[in-house]
Amino acid sequence: MQPSTAREFSAYGLSHWIVFAVFAAGAIAVVLLGRRQRNTPAATRSGQVFGAVTLGLYAVIYVATMSPPTIGGSVPLRLTDLATLVAGYALWSHRRWAYALTYYWCLTLSTQALLTPVLKSPDFPHYEFLAFWAIHLLVVWAAIYLTWGVGIHPDWRSYRFAVVATVAWVAVTFAFNSLAGTNYGFVNRKPSTPSLLDVLGPWPWYLGTVTVVLLTVWALMTWPWVRADSTSPEPASLGR
């Protein structure tokens, strides 16, 4: 008798809805934890533990992708790679620049991956399924924890830094993809699985559409905090 083939992950199947439920529960938990420990030494310790877990898990997953290494899968140029690294560092240090990238990247681009996952793997409990969702959930939880839990907020300087850093990443990634024939970040072509890019026009025009959308959405994500902090006697502080 032939062994049964593992069922493939399907977007908006049962396992995907369970991921949504886990995400919602985790988001509530990190906000409650952050608010309970806000402005106490425990907040620093919790952030460091959260950051260490995030970076440690990423290291394990990255090493796994290097077996064997491939030019199309092992170069850490995906925005998920960078978002995970900066999120882990932001949790550990509360540095302004790291928080800025965590806030903008993880609450928009990483969240988009939750809604339209580019995941071609067997369903739960396959290790590829677990690795994909563990990383994407952790980085979004990190942004939620730092913002609505710990109480760190973005400002227009954060916005400008995130825009410049993202443009630099696109330029470097596009050049690498063009030379290596890869498609990190989907900046050289759309993913083969359905995504929000499908409604933003063909390549390369969707890159411009994404730029306009992100600039607008990120500005809308910044303005309420700037306005609220301008009327607060004790605006949230960040590391340098």
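Anything mentioned here points back to the structure above.
Just so it is clear, the structure is predicted and the values come from calculations on it, not from any experiment.

A. Just the overall build of the protein chain, in detail. The number of helices and strands found in the protein chain is 7 helices and 0 strands. Order of helices (α) and strands (β) in the protein chain, N terminus to C terminus: α-α-α-α-α-α-α. Relative to the compact-globule value of 18 Å for 240 residues, the protein chain shows a C-alpha radius of gyration of 19 Å, a close match. Projected onto the principal axes, the alpha-carbon positions of the protein chain cover approximately 70 × 40 × 30 Å. A total of 240 residues make up the protein chain; the buried ones form 41% of that total. The long-range share in the protein chain, meaning contacts at least 24 apart out of those at least 6 apart in sequence, stands at 70%. When the accessible surface of the protein chain is split by element, carbon and sulfur atoms take 70% of a total near 13000 Å². In the protein chain, 15 side chains carry a positive charge and 8 a negative one; their mean positions are 8 Å apart.

B. Region of the structure containing helix 1 (residues 14-37). Taking 1.5 Å of rise per residue, the 24 residues of helix 1 would be expected to cover 34 Å, and the 35 Å separating its terminal C-alpha atoms lies within 8% of that figure. Listed as buried for helix 1 are Ser15, His16, Val19, Phe20, Gly26, Ala27, Val30, Val31, Gly34 and Gln37. Check the buried side of helix 1 and you find it contacts helix 2 (41-65), helix 4 (96-115) and helix 5 (127-150). Remark: asparagine 39 follows helix 1 within two positions and exhibits a positive phi of approximately 65°.

C. Representation of the nonpolar core within the structure. Of all hydrophobic cores here, the largest spans 46 residues; its most connected members are Phe50, Trp133, Leu146 and Trp218. The element contributing the most residues to this core is helix 5, with 14 residues. In contact with tryptophan 218, other than residues within four places in its own chain, are Tyr104, Trp105, Thr108, Tyr159, Ala162, Val163 and Thr166.

D. The arrangement of the pattern of salt bridges in detail. Taken as a whole, this structure holds 2 salt bridges when the rule is applied. A salt bridge links aspartate 123 to arginine 7, with the shortest nitrogen-to-oxygen separation between them at 3.5 Å. In this pair, aspartate 123 sits in the loop between helix 4 and helix 5 while arginine 7 sits in the segment before helix 1, placing the two residues 116 residues apart along the sequence. Overall, aspartate 123 belongs to the buried group, its relative accessible area being 9%.

E. Highlighting the packing of helix 2 against helix 3 (residues 79-93). In contact at an axis separation of 7 Å, helix 2 and helix 3 are set at 155° when each is read in the N-to-C sense. On the basis of the axis angle, helix 2 is roughly antiparallel to helix 3. Helix 3 is crossed by helix 2, and the crossing has left-handed handedness. Of the residues in helix 3, those touching helix 2 at Gly47, Gln48, Phe50, Gly51, Ala52, Thr54, Leu55 and Tyr58 are Asp81, Thr84, Leu85, Gly88, Tyr89, Leu91 and Trp92. Of the residues that constitute the contact of helix 2 with helix 3, the class distribution is 8 nonpolar, 6 polar and 1 charged.

F. Structural context of the environment of phenylalanine 9. Looking at the element boundaries, phenylalanine 9 is found in the segment before helix 1. The class of phenylalanine 9 is buried, set by a relative accessible area of 10%. It is 18 Å that separates the C-alpha atoms of phenylalanine 9 and phenylalanine 23, two residues lying 14 residues apart in sequence. Among all residues touching phenylalanine 9, those that are not within four sequence positions of it are Ser15, His16, Pro117, Leu119, Ser121, Pro122, Asp123, Phe129 and Trp133.

G. Region of the structure containing the packing of helix 3 against helix 4. Where helix 3 contacts helix 4, the two axes come as close as 8 Å, and the packing angle between them is 135°. In terms of orientation, helix 3 and helix 4 fall into the oblique class. Crossing angle aside, the handedness with which helix 3 passes helix 4 is left-handed. Here Leu79, Leu82, Ala83, Val86, Ala87, Tyr89 and Ala90 of helix 3 lie close against helix 4, whose contacting residues are Trp97, Ala98, Tyr99, Leu101, Thr102, Trp105, Cys106, Leu109 and Ser110. Looking at the contact of helix 3 with helix 4 residue by residue, the classes come out as 14 nonpolar, 2 polar and no charged.

The rules behind these values
Residues numbered from 1 in each chain as written. Predicted model: local features only at pLDDT ≥ 70, side-chain atom pairs only at ≥ 80, totals over all residues. Heavy atoms only, no water. Helix = DSSP H or I, 4+ residues; strand = E, 2+ residues; numbered from the N terminus. Rg over C-alpha atoms; globule rule 2.2 N^0.38 Å. Buried < 20%, exposed > 50% of the residue type's maximum accessible area, 1.4 Å probe, protein only. Contact = heavy atoms within 4.5 Å. Areas by Shrake-Rupley, 256 points an atom, 1.4 Å probe, with all protein chains shown as cover. Lys, Arg positive; Asp, Glu negative; His and termini not counted. Charge placed at Lys NZ, Arg CZ, Asp CG, Glu CD. Expected span 1.5 Å × (residues − 1). Core = buried A, V, L, I, M, F, W, Y, C linked by side-chain atoms within 4.5 Å. Salt bridge = Lys/Arg side-chain N within 4 Å of Asp/Glu carboxyl O. Axes fitted to C-alpha atoms, helices over the stretch in contact; angles between N-to-C directions. Parallel < 35°, antiparallel > 145°, perpendicular 65-115°, else oblique. Left-handed = near helix turned anticlockwise from the far one by under 90°. Nonpolar A, V, L, I, M, F, W, Y, C, P; charged D, E, K, R; others polar.

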